[in-house]
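# What the coordinates show
The residues making up each chain are set out below.
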Amino acid sequence: MDNAMQLAEVRAPHVRDVRANLAGELVVPGDESWDEARLAWHLAIDQRPVAVAIPEDVNDVIEIVSWAVDAGFRIAPQGTGHNAPALGDLSGTVLMKMHRLKGVEIDPETRTARAMAGTIWIEVVEAAAEHGLAALAGSSPDVGVIGYTLGGGLSWLARKHGIGANQVTAIELVTADGEFRRVDRENDPDLFWALRGGGGAFGIVTAIEFNLFPITEVYAGWLFFPIDRAGEVLRAWRDWTETAPEEITSVGRLLQLPPIPEIPEPFRGNSYAAVEVIYSGDDFEAAEAAIEPLRALGPTMDTVAAMPVTGLSHLHMDPEEPTAGSADGGMLDGLDDAAIDAFVGAVIGTPILSAEVRHLGGAVARPRPEHGALASFDAEYLTFAVGMIPVPELDAPVRAAVHGFLQAMEPWAAGHTYLNFAEGRRDARTLWTPTAHRRLRRIKAAVDPGDVIRSNHPL
Ligand SMILES: Cc1cc2nc3c(=O)[nH]c(=O)nc-3n(C[C@H](O)[C@H](O)[C@H](O)COP(=O)(O)OP(=O)(O)OC[C@H]3O[C@@H](n4cnc5c(N)ncnc54)[C@H](O)[C@@H]3O)c2cc1C
């Protein structure tokens with residue numbers, strides 16, 4: 001049965017009834033705002049759920065969960081839709097878009113933040129900075145705090161401070177039984193463990209609380225090189241990462257920027273091999289000395305300098321508005337010379353706009369007993385490639401290039417990968433350790449036996 005038919009069965013009087021109880025909206029096919037309501041940040045994804053629920057508050061979330069369960073639908077919570085491609089076919093599913101649950105509170109005494117489900121990272125970053133604090137935010141200012149954190153959360157401070165999910169102190173959510181719960185180390189520790197890196201399959205998260213760090217300034221920026229030096233620069237960067245201090249997180253990257261007005265000069269229409277470095281310690285002179293071997297390579301442009309920590313939200317030049325593109329990535333067991341050759345060969349001359357390798361290790365490689373479902377990353381490097389799809393004719397070539405990129409890196413792929421960087425469907429057993437995966441499945445069966453809540457990467 002298609003979505004419209006399923007909805008017609010429950011449409012009257014149920015949809016009218018539930019709408020009367022909501023401060024927010026329940027949008028169904030045929031409504032004037034239908035096409036806008038079902039958009040994701042990933043504009044190339046055509047989301048066709050049975051209905052789109054847009055709660056305004058926690059009561060709305062409870063009301064919508066009860067309605068959807070009664071009607072026999074599943075529910076897919078969505079913050080921004082940055083990972084919408086992984087969600088797949090939304091038949092029989094109510095898409096619950098959380099963007100109106102806004103609000104960030106910073107407690108400078110305990111150095112913690114509380115963010116409502118619709119919060120995006122830049123909102124936390126700016127609020128925390130007013131108190132001289134920094135969050136473990138990702139590269140992009142408009143990624144959702146909840147989706148990012150439930151999936152792990154790899155920030156520019158990661159090698160020093162670890163995976164974002166492991167700094168979470170409490171989570172509030174509505175589970176499939178319509179119950180509102182606040183979970184932390186003392187209250188429902190199993191569910192609290194699962195939510196920290198186990199993804200969004202356990203309920204509709206309405207708020208999250210996490211630790212902040214006293215960082216106001218970082219020493220960070222780019223070293224740009226001509227793209228024809230890609231192999232040499234990436235090899236030198238790889239060698240350098242082997243002894244880089246934990247205060248430095250860095251990225252080796254290839255950029256092939258199209259000649260479009262959205263890209264500022266001097267980058268417009270140019271291609272680069274580049275290294276991004278982010279130092280988050282106190283001794284900028286030591287940082288300068290540490291990156292000297294990279295500077296000795298003779299970059300054509302060097303932007304590495306002291307900057308406010310808020311600048312990290314824009315450093316990576318991620319798109320800051322909804323975008324049509326295709327991307328995917330995965331963990332690499334190693335980055336030998338052959339892997340670098342494969343990386344360069346899979347990118348140069350293709351419609352891939354950016355391909356990067358992020359250096360892991362340090363605190364992200366150290367599991368601790370108090371950590372959640374994603375306790376650490378074993379792999380040393382994480383890769384991600386993206387191409388833009390500004391016109392439909394580019395859809396197939398860009399997808400083919402991203403697919404080709406993953407295939408080219410396959411010989412070096414780690415046995416496991418990172419949920420947040422996987423934009424296509426993965427075998428769930430590759431997203432967590434076998435022990436963590438089994439425990440996650442047990443917790444899911446206990447908290448949502450009917451498998452009502454759908455996540456981007458099901459267990
Ligand atoms: C441009 C770009 C840059 C990125 N940079 C980084 C980075 O630096 N580091 C990093 O770790 N990741 C990064 N990511 C990956 C990003 O963390 C994931 O795409 C993440 O899933 C986005 O969360 P979201 O809420 O914005 O997206 P959504 O697609 O809305 O959410 C993804 C999933 O999270 C779950 N979810 C979201 N909200 C809720 C909720 N309220 N309750 C329950 N479940 C929920 C759902 O399962 C949902 O399918 C980047 C992605 C992009 C596209």
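Below you will find a few notes about this structure. (Residues numbered from 1 in each chain as written. Predicted model: local features only at pLDDT ≥ 70, side-chain atom pairs only at ≥ 80, totals over all residues. Heavy atoms only, no water.)

## Notes on a negative patch on the surface
Judged by side-chain charge, Asp282, Asp283, Glu285, Glu288 and Glu292 come together as a negatively charged surface patch. By secondary structure assignment, the location of Asp283 is in the loop between strand 12 (271-279) and helix 10 (284-295). (Patch = residues over 30% accessible without salt bridge, like charges linked within 9 Å, V, L, I, M, F, W, Y side chains within 5 Å. Areas by Shrake-Rupley, 256 points an atom, 1.4 Å probe, with all protein chains shown as cover. Salt bridge = Lys/Arg side-chain N within 4 Å of Asp/Glu carboxyl O. Lys, Arg positive; Asp, Glu negative; His and termini not counted. Charge placed at Lys NZ, Arg CZ, Asp CG, Glu CD. Helix = DSSP H or I, 4+ residues; strand = E, 2+ residues; numbered from the N terminus.)

## Notes on the pattern of salt bridges
What the rule picks out here adds up to 32 salt bridges. A salt bridge links Lys102 to Glu123, with the nearest nitrogen and oxygen atoms 3.0 Å apart. Taken together, the positions of Lys102 in the loop between strand 4 (93-97) and strand 5 (104-107) and Glu123 in helix 5 (residues 121-129) put the pair 21 residues apart, joining distant regions of the chain. Note on Lys102: relative accessible area 43%, which makes it partly exposed. The exposure class assigned to Glu123 is partly exposed, which follows from its relative accessible area of 27%. Among the salt bridges present, the one from Arg182 reaches Glu172, with a minimum N-O distance of 2.7 Å. On the criterion of sequence distance, the pair formed by Arg182 in strand 8 (residues 180-183) and Glu172 in strand 7 (residues 168-174) is long-range, its members being ten residues apart. On the basis of relative accessibility, which here comes to 36%, the residue Arg182 falls in the partly exposed class. Overlapping salt bridges bring together Arg235, Arg238, Asp239, Asp337 and Asp341 as one network. (Buried < 20%, exposed > 50% of the residue type's maximum accessible area, 1.4 Å probe, protein only.)

## Observations concerning the pairing of strand 4
Most of strand 4 is tucked away: five of the five residues are buried. Every second residue of strand 4 is oriented toward a common face, with Thr93, Leu95 and Lys97 on one face and Val94 and Met96 on the other, all of them buried. For strand 2 (residues 51-54) and strand 4, the ladder comprises three bridges, and the chain directions are parallel. Its bridge partner being in strand 4, Ala51 is matched across the sheet by Val94. Inspection of the sheet shows strand 3 (residues 74-78) paired to strand 4 by five bridges, in the parallel sense. Bridge pairing links Ala76 to Leu95 in strand 4. (Pairing = 2+ DSSP bridges.)

## Observations regarding the sheet that holds strand 2
Spatially, the four strands line up as an open sheet ordered 1-2-4-3, and their pairing is mixed. Bordering the open sheet on either side are strand 1 (25-27) and strand 3, each of which pairs with just one other strand. Direction aside, the axes of adjacent strands within the sheet are offset by 20° on average. Strands strand 1, strand 2, strand 3 and strand 4 of the sheet are contacted by helix 3 (residues 58-71), whose axis makes an angle of about 175° with strand 4. (Axes fitted to C-alpha atoms, helices over the stretch in contact; angles between N-to-C directions. Contact = heavy atoms within 4.5 Å.)

## Some thoughts on the nonpolar core
One recurring pattern in soluble globular proteins: nonpolar side chains tend to sit buried together. In this structure, Phe202, Phe210 and Trp432 are the most contacted members of the largest nonpolar core, which totals 86 residues. Here the element with the most residues in this core is helix 3; it accounts for six residues. For Phe210, the contacting residues outside a window of four places in its chain are Arg111, Thr112, Ala113, Ala115, Trp121, Val124, Ala135, Val145, Gln167, Val168 and Thr169. (Core = buried A, V, L, I, M, F, W, Y, C linked by side-chain atoms within 4.5 Å.)

## Some remarks on helix 3
For helix 3, spanning 14 residues, the distance from its first C-alpha to its last is 20 Å, which sits close to the expected 20 Å at 1.5 Å a residue. By the burial criterion, the buried members of helix 3 are Asp60, Val61, Ile64, Val65, Trp67, Ala68 and Ala71. Backbone geometry just after helix 3 places Gly72 at a positive phi near 85°. (Expected span 1.5 Å × (residues − 1).)

## Quick word on the packing of aromatic side chains
What the rule picks out here adds up to 14 aromatic pairs. Centroid distance Trp121 to Tyr148: 5.2 Å. Interplanar angle 80°. Geometry classified as edge-to-face. Here the residue Trp121 occupies a position in helix 5, and Tyr148 occupies one in helix 6 (residues 145-151), the gap between them amounting to 27 residues. Overall, Trp121 belongs to the buried group, its relative accessible area being 3%. On the basis of relative accessibility, which here comes to 9%, the residue Tyr148 falls in the buried class. By way of ring pairs, the aromatic residues Trp222, Phe224, Phe267 and Tyr272 are connected into one cluster. Seen from the ring of Phe192, Arg196 lies directly overhead, with NZ or CZ sitting 4.0 Å from the centre. Between Arg439 and the ring centre of Trp193, over which it is positioned, the NZ or CZ distance is 3.9 Å. (Phe/Tyr/Trp six-rings, centres within 6.5 Å; stacked < 30°, edge-to-face > 60°. Lys NZ or Arg CZ within 6 Å of the ring centre and 35° of its normal.)

## Topic: the site of the ligand
The ligand sits among 35 residues. The nearest are Gly79, Thr80, Ser139, Gly144 and Tyr418. A distance of 3.3 Å separates an oxygen atom of the ligand from a polar backbone atom of Asn456. In the complex, the protein chains occlude 97% of the 950 Å² of accessible area that the ligand would expose alone. Listed by contribution, the elements that provide at least two residues to the shell around the ligand are strand 3, helix 4 (84-87), helix 6 and strand 9 (204-211). Ranked by residue count, the leading element in the shell around the ligand is helix 6, at four residues. Broken down by class, the residue content of the shell around the ligand amounts to 15 nonpolar, 17 polar and three charged. (Near = heavy atom within 4 Å. Polar contact = N/O pair within 3.5 Å; in protein donor to acceptor, adjacent residues only side chain to side chain. Nonpolar A, V, L, I, M, F, W, Y, C, P; charged D, E, K, R; others polar.)

## Describing the sheet that holds strand 7
Strand order in this open sheet of five strands is 5-6-9-7-8, and the pairing throughout is antiparallel. The open sheet has two free edges, formed respectively by strand 5 and strand 8, since each of these has just one partner strand. Within the sheet, the average angular offset between the axes of one strand and its neighbour, ignoring direction, is 10°. One ladder, built from six bridges, connects strand 7 with strand 9; its direction is antiparallel. Bridged to Ala170 within strand 9 is Glu209.

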